[in-house]
Amino acid sequence: MALLVTGALGLPLIQVVGLALSVRAFGGDLPFVQAGAVYMAARLVANAAPVAGGLGALETGLIAGLTALGVTAGAATSAVLVYRLLTFWLNVPLGALALRAVERKGYA
């Protein structure tokens, strides 16, 4: 049970840390708690959108939330695009490599 709870809470926490670090990398000064609130609100909106992975909806929500909290539009947009590149798009080539390795070993 402890592993389930840790896993369920761990992923959103890692996502918030990634977003907060991305914002800081582009010069935004946003407390961690506010980054978490922006992430959770944007994730709620993205889950309601009828697209896979909240593509487009999450980015829009994150940028809107960050700019509402005082991060400049340029820094917010850049931070969100880098954050999504690392947390969403980078999984595609890594997954393809993993699939090739599994197929090569005859597991699939």
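Procedures and definitions
Residues numbered from 1 in each chain as written. Predicted model: local features only at pLDDT ≥ 70, side-chain atom pairs only at ≥ 80, totals over all residues. Heavy atoms only, no water. Phe/Tyr/Trp six-rings, centres within 6.5 Å; stacked < 30°, edge-to-face > 60°. Lys NZ or Arg CZ within 6 Å of the ring centre and 35° of its normal. Core = buried A, V, L, I, M, F, W, Y, C linked by side-chain atoms within 4.5 Å. Buried < 20%, exposed > 50% of the residue type's maximum accessible area, 1.4 Å probe, protein only. Helix = DSSP H or I, 4+ residues; strand = E, 2+ residues; numbered from the N terminus. Axes fitted to C-alpha atoms, helices over the stretch in contact; angles between N-to-C directions. Parallel < 35°, antiparallel > 145°, perpendicular 65-115°, else oblique. Contact = heavy atoms within 4.5 Å. Nonpolar A, V, L, I, M, F, W, Y, C, P; charged D, E, K, R; others polar. Polar contact = N/O pair within 3.5 Å; in protein donor to acceptor, adjacent residues only side chain to side chain. Left-handed = near helix turned anticlockwise from the far one by under 90°. Salt bridge = Lys/Arg side-chain N within 4 Å of Asp/Glu carboxyl O.

A. Here's a closer look at the packing of aromatic side chains. For the coordinates displayed, the defined rule picks out 1 aromatic pair. Ring centres of phenylalanine 88 and tryptophan 89 lie 5.0 Å apart, and the angle between their planes is 85°; on these two criteria the pair is classed as edge-to-face. When the ring centre of phenylalanine 88 is taken as origin, the NZ or CZ atom of arginine 84, which lies over that ring, is 4.5 Å away.

B. Region of interest: the nonpolar core. Of all hydrophobic cores here, the largest spans 20 residues; its most connected members are Leu19, Val23, Leu30, Leu62, Leu66 and Val71. Where this core is concerned, the elements lending two or more residues are helix 1 (2-25), helix 2 (32-48), helix 3 (57-68) and helix 4 (73-89).

C. Main features of the packing of helix 4 against helix 5 (residues 91-104). Remark: helix 4 packs on helix 5, axes separated minimally by 6 Å, with the N-to-C direction vectors making an angle of 20°. Of the possible angle classes, the one that applies to helix 4 and helix 5 is roughly parallel. Of the residues in helix 5, those touching helix 4 at Thr87, Phe88 and Trp89 are Asn91, Val92 and Pro93. When its residues are assigned to classes, the contact of helix 4 with helix 5 shows 4 nonpolar, 2 polar and no charged.

D. Quick look at the side chain of glutamate 59. Looking at where glutamate 59 falls in the secondary structure, it is placed in helix 3. You can call glutamate 59 buried: its relative accessible area is 11%. Of the polar contacts made by the side chain of glutamate 59, one reaches the backbone nitrogen of glycine 56; its length is 2.6 Å. Residues contacting glutamate 59, with those up to four places away along its chain left out, are Gly54, Val80 and Arg84.

E. Quick look at the packing of helix 1 against helix 4. The interhelical angle for the contact between helix 1 and helix 4, taken along N-to-C directions, is 140°, at an axis separation of 8 Å. One element, helix 1, and the other, helix 4, form an angle in the oblique class. You can see that helix 1 and helix 4 cross each other, and the crossing is right-handed. Only Ala79, Val82, Tyr83 and Thr87 of helix 4 make contact with helix 1, whose side of the interface consists of Gln15, Gly18, Leu19, Ser22 and Val23. Along the lines of polarity and charge, the residues of the contact of helix 1 with helix 4 split into 5 nonpolar, 4 polar and no charged.

F. Broad picture of the environment of threonine 87. Topologically, threonine 87 is positioned in helix 4. Between the alpha carbons of threonine 87 and alanine 49 there is a distance of 19 Å; along the sequence they are 38 residues apart. A distance of 2.8 Å separates a polar atom in the side chain of threonine 87 from the backbone oxygen of tyrosine 83.

G. Spotlight on the pattern of salt bridges. A full pass over the atoms with the stated rule returns 2 salt bridges. The partner of aspartate 29 in a salt bridge is arginine 24, and the shortest N-O contact between them spans 3.8 Å. Exposure remark for aspartate 29: the relative accessible area of 66% places this residue in the exposed category. In this structure, arginine 84 and glutamate 59 form a salt bridge, with 2.8 Å as the shortest nitrogen-oxygen distance. With arginine 84 in helix 4 and glutamate 59 in helix 3, this residue pair connects regions lying 25 residues apart in the sequence. Taken as a pair, arginine 84 and glutamate 59 share a single burial class, namely buried.

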